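Now for the letters of each chain:
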Protein chains: 2
Amino acid sequence: MARGVTYFDPFQERRIDGDTAMRAMLEPIAGQIKVDRYDMIDPRVQQYGDAALLTFNLISYRTQPNGVEAAISSWNASEIYARIDGRWTIVHSHWSFIKPELKQAVSEGA
Amino acid sequence: MARGVTYFDPFQERRIDGDTAMRAMLEPIAGQIKVDRYDMIDPRVQQYGDAALLTFNLISYRTQPNGVEAAISSWNASEIYARIDGRWTIVHSHWSFIKPELKQAVSEGA
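Residues numbered from 1 in each chain as written. Chains lettered and ligands numbered in written order. Predicted model: local features only at pLDDT ≥ 70, side-chain atom pairs only at ≥ 80, totals over all residues. Heavy atoms only, no water.

Remarks on the pattern of salt bridges
Okay, so step 1: Under the definition given, this model contains 20 salt bridges over all chains.
Okay, so step 2: Counted as one network, the salt bridges with shared partners bring together Arg15 and Asp17 of chain A together with Asp42 and Arg44 of chain B. (Salt bridge = Lys/Arg side-chain N within 4 Å of Asp/Glu carboxyl O.)

Shown next, in the form of C-alpha cells:
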C-alpha cells in the first residue's frame, strides 16, 4: 500500500490516513474475519493513465451451525491503485454496506 | 460527468454504471434534498497524473422546527476525477454513512 493511502469503512469514525495508521487499524483484526465464501459481483476497472479504479459489490456468506449457508454482509467496494515508481500500489479503499437497515432513518428530504 | 461514471451510495441495490443511469437516478430526487448547513471535514486530494481523488467526511445539519440545529447525517465521501480530452470530469463517487447504527449487527468475527 502507498505511504499516502486513505481508507473508509463503516467502522471508522473518520477517514484513515497513511500506511502507518492503516497498519495500526488492521493489526488487531488480522485473522479475525471469518467468511466461508463470497460472491464478487460485476467487477469493473476504469483506467486513467497511471491510476486505476476497481469497483464491485460483494456478498459474504458463512455456514451456520445448522449447516445452512447464510449471507452475512453485502458491500460496495471502491479500490484505487496508482502506478508509483513503476509499481501498481493501492492508494485508497472505500468499503460500505449496501442499503444498510438503520435503527433510525436518515432524512434529508425537503 | 464521464459517460463511464460509476456510483455507490447507501440507497442503491448495486453500483450505478454510466451517465444515463446516473441521470435517471438523480432526476426524481432533484431539489428534494434539504440541508441547512454542512461541515466538510479534512478534505484531501491525491493526484496521480490524469486522475485525482478527493476524499472527505461530511456532516449535514438541519434546523429543527424548534429552531435548534441538529446533525442529521454523517458521511464518508470519495470522488474521483479524470482528465479526459483535457477536461477534468467526475468518473466515480462513493458515499457512505459513518458508523451506521444497524438494526442487526454485521458479524464477520471468527
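Overview of the relation of the copies chain A and chain B
Okay, so step 1: Relative to chain B, chain A is turned by 180 degrees and slid 0.0 Å along the rotation axis, the superposed coordinates differing by an RMSD of 0.0 Å. Given the turn and translation reported, the copies of this chain are related as if by a two-fold rotation axis.
Okay, so step 2: Here 100% of the contact residues of chain A are again contact residues in chain B; the copies associate through an equivalent surface. (Least-squares fit on C-alpha atoms with pLDDT ≥ 70 in both. Contact = heavy atoms within 4.5 Å.)

A short note on a nonpolar patch on the surface
Residue and element names in this part refer to chain A.
Okay, so step 1: Taken together, the side chains of Met1, Leu26, Ile29 and Ile33 make up a nonpolar region of the molecular surface, amounting to roughly 340 Å² of accessible area.
Okay, so step 2: The residue Met1 is located in the segment before strand 1 (6-8) in this model.
Okay, so step 3: Overall, the relative accessible area of 38% leaves Met1 in the partly exposed class. (Patch = residues over 30% accessible without salt bridge, like charges linked within 9 Å, V, L, I, M, F, W, Y side chains within 5 Å. Areas by Shrake-Rupley, 256 points an atom, 1.4 Å probe, with all protein chains shown as cover. Helix = DSSP H or I, 4+ residues; strand = E, 2+ residues; numbered from the N terminus. Buried < 20%, exposed > 50% of the residue type's maximum accessible area, 1.4 Å probe, protein only.)

A closer look at the nonpolar core
Okay, so step 1: Judged by nonpolar contacts, the single largest core of 20 residues is most densely connected at Tyr7, Met22, Phe56 and Trp95 of chain B.
Okay, so step 2: Elements that contribute at least two residues to this core include exactly strand 4 (51-63) and strand 5 (69-84) of chain A together with helix 1 (19-26), strand 4 (51-63), strand 5 (69-84) and strand 6 (87-97) of chain B.
Okay, so step 3: If near-sequence neighbours (up to four positions away) are discounted, Met22 of chain B is found in contact with Met1, Val5, Tyr7 and Ile16 of chain B.
Okay, so step 4: If you look at the next biggest cluster of nonpolar residues, it comprises 14 residues, including Leu53 and Ala82 of chain A together with Ala2 and Ile80 of chain B. (Core = buried A, V, L, I, M, F, W, Y, C linked by side-chain atoms within 4.5 Å.)

Some points on helix 1 (residues 19-26) of chain A
For an α-helix the count is 3.6 residues per turn, leaving residues at separations of three or four pointing the same way.
Residue and element names in this part refer to chain A.
Okay, so step 1: The set of residues buried in helix 1 consists of Asp19, Met22 and Met25. The buried residues of helix 1 all sit within an arc of 120 degrees when viewed along its axis, so they share a single face. When the buried face of helix 1 is taken as reference, the exposed residues oriented beyond 90 degrees from it are Thr20 and Ala24.
Okay, so step 2: Each element contacted by the buried residues of helix 1 is listed here: strand 1 and strand 2 (16-17). (Arc of directions from axis to C-beta.)

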